[in-house]
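As a plain string of letters, each chain reads:
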Amino acid sequence: MLTVYSNTHHLRNATELVGGQIVPSYERPERAEFILEQVKCVKLGNIIKPAKFDLKPTLAIHDSAYITFLQTCWDEWLAQGNKGDLFPFIWPSRTMPSKRIPKHLDGKIGYYCLSSDTSINAGTWAAAKLSADVALTATQQLTTGNNSAFALCRPPGHHATNDAYGGYCFLNNVAISAQWLLDNGASRVSILDVDFHHGNGTQSIFYDRDDVQFLSLHGQPEQCFPHFSGYADERGEGAGLGYNFNYPLAPSTDYKTWQQALDQALEEIVNYSPDVLLVSLGVDTYENDPISSFKLQSDDFKTYGSKISSLSLPTVFILEGGYAVEEIGLNTVNVLSSFEKSHSCKGF
Ligand code: OKP
Ligand code: ZN
């Protein structure tokens, strides 16, 4: 399987608010290094650099004022005389009436941000844009004779909505890729999100549409981030009703139970019969992940990699989370190599 990678992800290196202290984020550059090392070690396949895309595919998913905010907020923050990373501190809470976008930066940050774990600094916008380019380049491979590809991208994307960042995500890489496919010959795309956290951004972007089916296995919102999205009764709305599938699972879920949910999701994908499958691949379901609580073991990633391949669909894997840096490389390539071993399909 071909991998798309660029070391410019290093531009994303920021702090996080953890337990009242500002520390290096769990979503750190080493994550991608460890995965790249394993991709090379198991000889997964060629590694190519991302192509450059203009903003059109990004603006097909994201609000243009939001993109302008991401491009300019750091300079504005510095111009205010701030020294540290940019964090939000006031939000449009349920308890306040205004829907207007504030003019002052402090207000704009709260308007465009959904969680205070995610700070912004100098390289953030450039890295986020490059991460989307990595995902798009991997996706584009499906139109040039490859039936699978891996986007080794960071920062991740699945928490980012049309106009909000958070949960370490700025641009929704998988959503941008799905839309690109629809604009380049696909009629139906399925997005399977196996990250520990609910892909609230991807869900909300396609919630009222029937050309993208979204399925997510994740920790129950009662207990797990992002807390306000991911319940099983969120089924879509309007034309999208019946195209959104959430499988919330108890915090200490083991592989056996997780796989039962995966089997249900795979059945729904077969029923939908998409042209392409995009996998939001987060390996934070691993038993030793520092911020998640499922109990998957390294071999379980092989088992589910070959299950996904049995769909026989052109498939792009787009990296989301996974924070046990020593093991995320092994767990990621376990999914990809066992997928590749049994995968065959008609081209897209
Ligand atoms: C991003 B991805 C709560 C901290 C919140 C947010 C986790 C974001 C995960 N104590 N941390 O889905 O892997
Ligand atoms: Zn996650």
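Engineer: I'm lost on the coordination of the zinc ion (ligand 2) in this one. Help?
Structural biologist: Working reference: metal with six octahedral donors, ideal angles 90 or 180 degrees; metal with four tetrahedral donors, ideal angle 109.5 degrees. Protein coordination of the zinc ion (ligand 2) is provided by Asp195 (OD), Asp195 (OD), His197 (ND1) and Asp284 (OD), with donor distances spanning 1.9 to 2.7 Å. Ordering the donors of the zinc ion (ligand 2) by residue number gives the pattern D-x1-H-x86-D. Within this pair, whereas histidine 197 is found in the loop between strand E6 (189-193) and helix H7 (200-206), its partner aspartate 284 is found in the loop between strand E9 (276-281) and helix H9 (298-309), the two being separated by 87 residues in sequence. Relative accessible area serves as the criterion here: at 8%, histidine 197 is assigned to the buried category.

Engineer: How should I be thinking about the pattern of salt bridges in this particular structure?
Structural biologist: Side chains bearing opposite charge may pair, as long as their charged atoms lie close to each other. Taken as a whole and assessed by the stated rule, the structure comprises seven salt bridges. Measuring nitrogen to oxygen at the nearest pair gives 3.0 Å for the salt bridge that ties lysine 129 to aspartate 133. In this pair, lysine 129 and aspartate 133 are both assigned in helix H5 (residues 124-140), four residues apart and thus about one turn of the helix distant. Residue class for aspartate 133 comes out buried when judged on its relative accessible area of 6%. With a closest N to O distance of 3.6 Å, aspartate 299 and lysine 302 form a salt bridge. Of this pair, aspartate 299 and lysine 302 both sit in helix H9, three residues apart, roughly one helical turn. Salt bridges sharing partners connect three or more residues here, namely Glu27, Arg31 and Arg154.

Engineer: Can you walk me through the pairing of strand E5 (residues 148-151) in this structure?
Structural biologist: Walk down a regular strand and you will see the side chains alternate between the two sheet faces. Burial of E5 is two-sided: the residues Ser148 and Phe150 facing one way and the residues Ala149 and Ala151 facing the other way are all buried. Across three bridges, the pairing between strand E1 (residues 2-4) and E5 is parallel. Across the sheet, residue valine 4 finds its bridge partner in E5, namely alanine 151. Pairing of E5 with strand E10 (residues 315-319) involves four bridges; the strand directions are parallel. Across the sheet, alanine 151 pairs through a bridge with isoleucine 318, a residue of E10.

Engineer: Any chance you could explain the packing of aromatic side chains here in plain terms?
Structural biologist: Each aromatic ring pair is described using two quantities: the centre-to-centre distance and the angle formed by the ring planes. If you walk through the whole model with that rule in mind, you get 13 aromatic pairs. Arranged with centres 5.8 Å apart and planes meeting at 45°, the rings of tyrosine 66 and tyrosine 112 form a pair that is tilted. With a gap of 46 residues between them, tyrosine 66 in helix H3 (residues 64-79) and tyrosine 112 in helix H4 (residues 105-112) connect regions that are remote in the sequence. Here tyrosine 66 matches tyrosine 112 in class, with each residue buried. Through a chain of ring-to-ring contacts, three or more aromatic side chains come together here, namely Tyr66, Phe69, Tyr111, Tyr112, Tyr165 and Phe170. The ring of tyrosine 272 carries the charged tip of arginine 188 above its face, separated from the ring centre by 5.8 Å.

Engineer: Would you mind showing me how to read the site of ligand 1 here?
Structural biologist: Around ligand 1 lies a shell formed by Asp117, His158, His159, Gly167, Tyr168, Asp195, His197, Phe225, Asp284, Gly321 and Tyr323. The side chain of histidine 158 places a nitrogen or oxygen atom 2.6 Å from an oxygen atom of ligand 1. Within the contact set of ligand 1, an oxygen atom lies 2.5 Å away from a side-chain nitrogen or oxygen of tyrosine 323. Split by residue class, the shell around ligand 1 holds three nonpolar, five polar and three charged.

About the cut-offs
Residues numbered from 1 in each chain as written. Chains lettered and ligands numbered in written order. Predicted model: local features only at pLDDT ≥ 70, side-chain atom pairs only at ≥ 80, totals over all residues. Heavy atoms only, no water. Donors = N, O, S within 2.8 Å, 3.2 Å for Na, K, Ca; no water. Helix = DSSP H or I, 4+ residues; strand = E, 2+ residues; numbered from the N terminus. Buried < 20%, exposed > 50% of the residue type's maximum accessible area, 1.4 Å probe, protein only. Salt bridge = Lys/Arg side-chain N within 4 Å of Asp/Glu carboxyl O. Pairing = 2+ DSSP bridges. Phe/Tyr/Trp six-rings, centres within 6.5 Å; stacked < 30°, edge-to-face > 60°. Lys NZ or Arg CZ within 6 Å of the ring centre and 35° of its normal. Near = heavy atom within 4 Å. Polar contact = N/O pair within 3.5 Å; in protein donor to acceptor, adjacent residues only side chain to side chain. Nonpolar A, V, L, I, M, F, W, Y, C, P; charged D, E, K, R; others polar.

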